[in-house]
Amino acid sequence: MPNNSLKIAVIGGDGTGPEVTAEAVKVLKAVGKLEKIEMQFDSFDIGGDRYLKTGIIITDDEIAQLRRYSSILLGAIGHPDVAPGILERGLLLRLRFAFDQYINLRPVKLLPGVETPLKDKKPEDIDFVVVRENTEDMYAGIGGFLKKGTPDEVATQTAVYTRKGCERCIRWAFEYTQKRDNPKGKMLTLVAKTNVLTFGHDLWWRTFQEVAKEYPDVKTDYNHVDACCMWMVKNPEYYDVIVTTNMFGDIITDLAGIIQGGMGVAAGGNINPEKGGCSMYEPMGGSAPKYTGKNVINPIAAINAAAMLLEQEGFAQAAARVTKAITIVTGSRMKSQAAGKMGFGTSEVGDLVCENL
Ligand code: IPM
Ligand code: MN
C-alpha cells in the first residue's frame, strides 16, 4: 500500500461493538477525506453470535487474512450466552499472540467536560500513559492441574518473563516517553513488585536500568504496583509514562480507565510496532449487551481508538484533528459520558465529531 493509505479490518464483535465501530469508521472516513488518506475498510463477522451458531471463534484462514491489514478496529467481545473466558482467550488473546502485539498502549487523559471520580482533579492533572507488556506473564497460558477435583488438588499458573519480551517493551516505552515530550518533563516509571517477585521482576528491573542508559534525557522512576495504585488516585499528575508487566498492567489500567472518566472514553491499542506488523485498536468498554441496538451507547472510546490508530500508523495530523474534535464534543456538547445520558444518540455523537474535524 502507498504511504498515504490505510487498510483497516473491522471486527464489530458482540453487543454494542458494531454500533461504536460504525461511528469510529464514520470519523475515519471523514478525516481521511480532509487529510487525503486513502482508506479501505473490510468487515469481518467474528464474535459470540457466530460462535453460538457455528462453534467457530476464528479460523486459521481468517487469521491469515487479517494479517494483511495494517490495523484492526475491534468493537467488543463478550456474549451473555457464551461462558466467560472462551471468547476472551479464543479471540482477543489469540489475536494478540498471533500478531505478536507486544505493546498494550493505554493513554489516560481526562478530557474537558468528562467527570472523574477523583475529587478536585482537572484535565491537566490526569494525563499519563500506561505501556503494558502484552504477550507474557501469567497470560502465557503455562500451568496445569494435579489431582483435579480432589481435596488434594494442585493448580499452577506460571508467570513467564523473557529478556527479549521485557526489553522490547521497555525500549518502546523509552522511545515513546522521549517522543511524548511532556512539558512537565519526560519520566518513565517502571511499575512492578521487585520486593516479592525476586526472579521475574528482577529481570525487568535489570533490563530497565540497562536500557535507561540509552535514553539519558528520560528520567527514570520505580513504583511497586500496590503503591502505584495509591499514587494514581492521590496524585495522578505525578505520572508521565508507566511501563509495566502484563498482569499488573491489566489491573492498573482499569483503575486508570475509571479516573479518566470510565468505559465510555477509555481506549487501548494492541500494537506490533515492527514493520508490516498488524495492530489492533479497541474501546475498553465491554459489549454492554443490554444497550444493543438502542443507539444510546457512547462511541467516544471507539473514536479515541481510531485516533490512536491514525497516530500509530504515522498520520499524526489526522490523529490530532480527531482528538481535537473529540475534545470539543465532550467539552461543549455532550451532557454526560454515560450510556443514555449523553444528550445525543450514538450516531449523533459520531456526526458531531465529524462536524468538528
Ligand atoms: C484487557 C482485558 C483482557 C485482558 C481480557 C478480556 C482477556 O481485560 O484488555 O484489559 O485481561 O487483557
Ligand atoms: Mn483488563
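In the block above lies the structure referred to throughout.
All values derive from a computational prediction rather than experimental measurement.

Cut-off values and rules
- Residues numbered from 1 in each chain as written.
- Chains lettered and ligands numbered in written order.
- Predicted model: local features only at pLDDT ≥ 70, side-chain atom pairs only at ≥ 80, totals over all residues.
- Heavy atoms only, no water.
- Helix = DSSP H or I, 4+ residues; strand = E, 2+ residues; numbered from the N terminus.
- Rg over C-alpha atoms; globule rule 2.2 N^0.38 Å.
- Buried < 20%, exposed > 50% of the residue type's maximum accessible area, 1.4 Å probe, protein only.
- Contact = heavy atoms within 4.5 Å.
- Areas by Shrake-Rupley, 256 points an atom, 1.4 Å probe, with all protein chains shown as cover.
- Lys, Arg positive; Asp, Glu negative; His and termini not counted.
- Charge placed at Lys NZ, Arg CZ, Asp CG, Glu CD.
- Near = heavy atom within 4 Å.
- Polar contact = N/O pair within 3.5 Å; in protein donor to acceptor, adjacent residues only side chain to side chain.
- Pairing = 2+ DSSP bridges.
- Axes fitted to C-alpha atoms, helices over the stretch in contact; angles between N-to-C directions.
- Phe/Tyr/Trp six-rings, centres within 6.5 Å; stacked < 30°, edge-to-face > 60°.
- Lys NZ or Arg CZ within 6 Å of the ring centre and 35° of its normal.
- Arc of directions from axis to C-beta.
- Parallel < 35°, antiparallel > 145°, perpendicular 65-115°, else oblique.
- Left-handed = near helix turned anticlockwise from the far one by under 90°.
- Nonpolar A, V, L, I, M, F, W, Y, C, P; charged D, E, K, R; others polar.

**Observations concerning the overall build of the protein chain**
Broken down by element type, the protein chain carries 11 helices and 12 strands. The C-alpha atoms of the protein chain give 20 Å as radius of gyration, which agrees with the globular expectation for 357 residues (21 Å, within 12%). With the principal axes as the frame, the protein chain shows a C-alpha extent of 55 × 50 × 45 Å. Within the span of the protein chain, comprising 357 residues, buried residues form 51% of the whole. Long-range contacts, defined as pairs at least 24 residues apart, comprise 76% of the intrachain contacts of the protein chain with a sequence gap of at least 6. Total accessible area computed for the protein chain in this model is approximately 16,100 Å², and 54% of it derives from carbon and sulfur atoms. Computed over 41 positive and 44 negative side-chain charges, the inter-centroid distance for the protein chain is 2 Å.

**Observations concerning the site of ligand 1**
What surrounds ligand 1 is the set Glu88, Leu92, Arg96, Arg132, Tyr139 and Asp250. Between an oxygen atom of ligand 1 and a side-chain N or O atom of arginine 132, the distance comes to 2.8 Å. At 2.5 Å, a side-chain N or O of tyrosine 139 approaches an oxygen atom of ligand 1. Contact with the protein chains removes 74% of the 320 Å² of surface that ligand 1 exposes when unbound.

**Observations concerning the sheet that holds strand β4 (residues 103–109)**
One open sheet accounts for 10 strands, arranged β2-β1-β3-β12-β11-β4-β5-β10-β8-β9; its pairing is mixed. In this open sheet, the two strands that pair with only one neighbour each are β2 (38–43) and β9 (219–224). For this sheet the average axis-to-axis angle between neighbouring strands, irrespective of direction, equals 20°. For strand β1 (residues 5–13) and β2, the ladder comprises 6 bridges, and the chain directions are parallel. Paired with leucine 6 across the two strands is methionine 39, which belongs to β2. The strands that helix α5 (residues 163–180) touches are β4, β5 (127–133), β8 (187–192), β9, β10 (241–244) and β11 (267–271); relative to β5, the one it contacts most, it runs at about 160°.

**Quick look at the packing of aromatic side chains**
Per the counting criterion, the structure on display carries 7 aromatic pairs. Their ring planes at 85° and their centres at 5.8 Å tell us that phenylalanine 44 and tyrosine 69 sit as a pair that is edge-to-face. Placement of the pair is phenylalanine 44 in the loop between β2 and α2 (48–54) and tyrosine 69 in the loop between α3 (60–66) and β3 (71–76), with a sequence separation of 25 residues. Look at tyrosine 69 and you get buried, because its relative accessible area is 9%. Taken together through their ring pairs, the aromatic side chains of Phe128, Tyr238 and Tyr239 make up a single cluster. Over the aromatic face of tyrosine 69 sits the side chain of lysine 7, whose NZ or CZ is 4.7 Å from the ring centroid. Above the plane of the ring of tyrosine 139 lies arginine 132, whose end atom (NZ or CZ) is 5.2 Å from the centre.

**Looking at helix α11 (residues 346–355)**
Within α11, burial applies to Thr346, Val349, Gly350, Leu352 and Val353. One face of α11 carries all of its buried residues, which in axial projection span an arc of 160°. Against the buried residues of α11 lie α1 (17–35), α9 (300–312) and α10 (316–332).

**Re the packing of α1 against α9**
Between α1 and α9, the least distance of the axes is 8 Å, while the angle of their chain directions is 45°. Of the possible angle classes, the one that applies to α1 and α9 is oblique. Of the two possible hands of crossing, α1 and α9 adopt the one that is right-handed. Counting all contacts with α1, which are made through Val20, Thr21, Glu23, Ala24, Val27, Leu28 and Val31, the residues of α9 involved are Ala302, Ile303, Ala306 and Leu310. Across the contact of α1 with α9, the residue classes tally to 9 nonpolar, 1 polar and 1 charged.

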